[in-house]
Every structure is written in C-alpha cells, then in structure tokens.
Amino acid sequence: CVLQGDGTGHGLGVGGVGACLVERNVIRGYWVGGSFGAEVQAHVVNNVVEDCTSVGLSVGTARIVVSGNVIRRCGIGITVSSRDLATVRANSVSDVGGRGLYVFGEVVEVVGNIVAGCGGEGIKVVGSEGATVTVAENTSALNGEKRRGTYICAACFLPLFTSVHKFDSGEGWPSFTQPIEGRNA
C-alpha cells in the first residue's frame, strides 16, 4: 500500500481491534504517518514513513512488536506505549525534528535500532514501576552527558543520581558510584 498525503490527517490508522498486523506500507506526507492500537497485540513491521509533520509511527496496546521500519523527515520518529511487552528492534529513524524513538512499557526490549539526525533525544526508554527494561549498550544520550546536575527518573520524576557520582564504566551505559539517598534508584 502506498499512501500520499497533503500534510494533514493520519496516513494509516487501526484501532479497536483484537490484533493488527501492519506490514510493508509506504506512507508519505501526513500529519501522523500511522497510528495503531489494538486490544491484545500489534505488529508494525517493514513500513516506510516519510515527511510527516507530527509523528511517523505511534503504537499503543498490550503486546507490541515494532521492527524493520524506516522513518525519515518526521516531527517525531516512533512512539510506543505498551501495557505488557514492547519489542522494538532493527528500525531506522533519521532526520526527525524531535525525539527519534520513545518506548514505554512493563517489559521493554529495544535492540539494534539506528537513530541519527534527531533534533531531540535519540532514544528514550521508560519502564513503569517494577518494569524490566533491556536497552542495547551505547544507545543512551546520557552516556556523553557532561553537564553538572541531577539525573531524575523519566517515569516518576524522583531524583536518582548527581553528576558528581557519574563515571565512564566503559560498559556502554551511564554509570554512577552511588544513588541519591539510596532509596529511589
């Protein structure tokens, strides 16, 4: 399916169904490239989304797989919100004005995504309280962060660490020698 828009509306939208598979579409020139929500699961794979003024792909449901998609020149690349399991892998996001990839869920796996040329954070992964989050090493924008300040939780906004205790462990993730007050982290 090839969809060409005029900068308004949704290119492709699916909602209110038990499950959806959105595969091998080309979506260009909409306000939102694709918006998908299903009661049980959504698989959004191998789509190309270009030149959308707001979000390239937005997916929200219980179980989500977002894989092999190419997003170019959109306001925001991909947003994923899962009540259960979110697997986001092997997507390519480039030249977006804001965040490249945002993932929220109970169990989150974000691996092998390529994010380049973003006006905002490249990849942001947030787990709800008690969540299991797996993110590939060397993908966090915080790795190279050198400014002085306090690092807070992106989900609950509690202070976690100070820059005074940050160090480069060489492992590919931001590392700290101790948390603030020892109870929030």
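Residues numbered from 1 in each chain as written. Predicted model: local features only at pLDDT ≥ 70, side-chain atom pairs only at ≥ 80, totals over all residues. Heavy atoms only, no water.

Observations regarding the side chain of Asn47
And step 1. The topology assignment puts Asn47 in the loop between β4 (32-45) and β5 (48-50).
And step 2. Among residues more than four places away in sequence, those in contact with Asn47 are Val22, Glu23, Arg24, Asn25, Gly68, Asn69 and Val70. (Helix = DSSP H or I, 4+ residues; strand = E, 2+ residues; numbered from the N terminus. Contact = heavy atoms within 4.5 Å.)

Section: the environment of Val80
And step 1. Within the secondary structure, Val80 is located in strand β8 (residues 76-89).
And step 2. When the C-alpha positions of Val80 and Val108 are compared, they lie 10.0 Å apart, and in sequence the two are 28 residues distant.
And step 3. For Val80, the residues in contact, after removing those within four places along its chain, are Val59, Ile64, Val66, Ala86, Val88, Tyr102, Val103 and Phe104.

Things to note about the nonpolar core
And step 1. Judged by nonpolar contacts, the single largest core of 28 residues is most densely connected at Val66, Ile78, Val80 and Val103.
And step 2. If we skip the residues at most four places from it in the chain, Ile78 touches Leu57, Val66, Ile71, Asn91, Val93, Gly100, Leu101 and Tyr102. (Core = buried A, V, L, I, M, F, W, Y, C linked by side-chain atoms within 4.5 Å. Buried < 20%, exposed > 50% of the residue type's maximum accessible area, 1.4 Å probe, protein only.)

What about the environment of Ala38?
And step 1. Along the chain, Ala38 turns up in strand β4.
And step 2. For Ala38, a relative accessible area of 5% corresponds to the buried category.
And step 3. Taking C-alpha positions, Ala38 is 5.3 Å from Ala19, a pair spaced 19 residues apart along the chain.
And step 4. Apart from residues lying up to four places away in sequence, Ala38 is in contact with Val17, Gly18, Ala19, Cys20, Gly60, Thr61 and Ala62.

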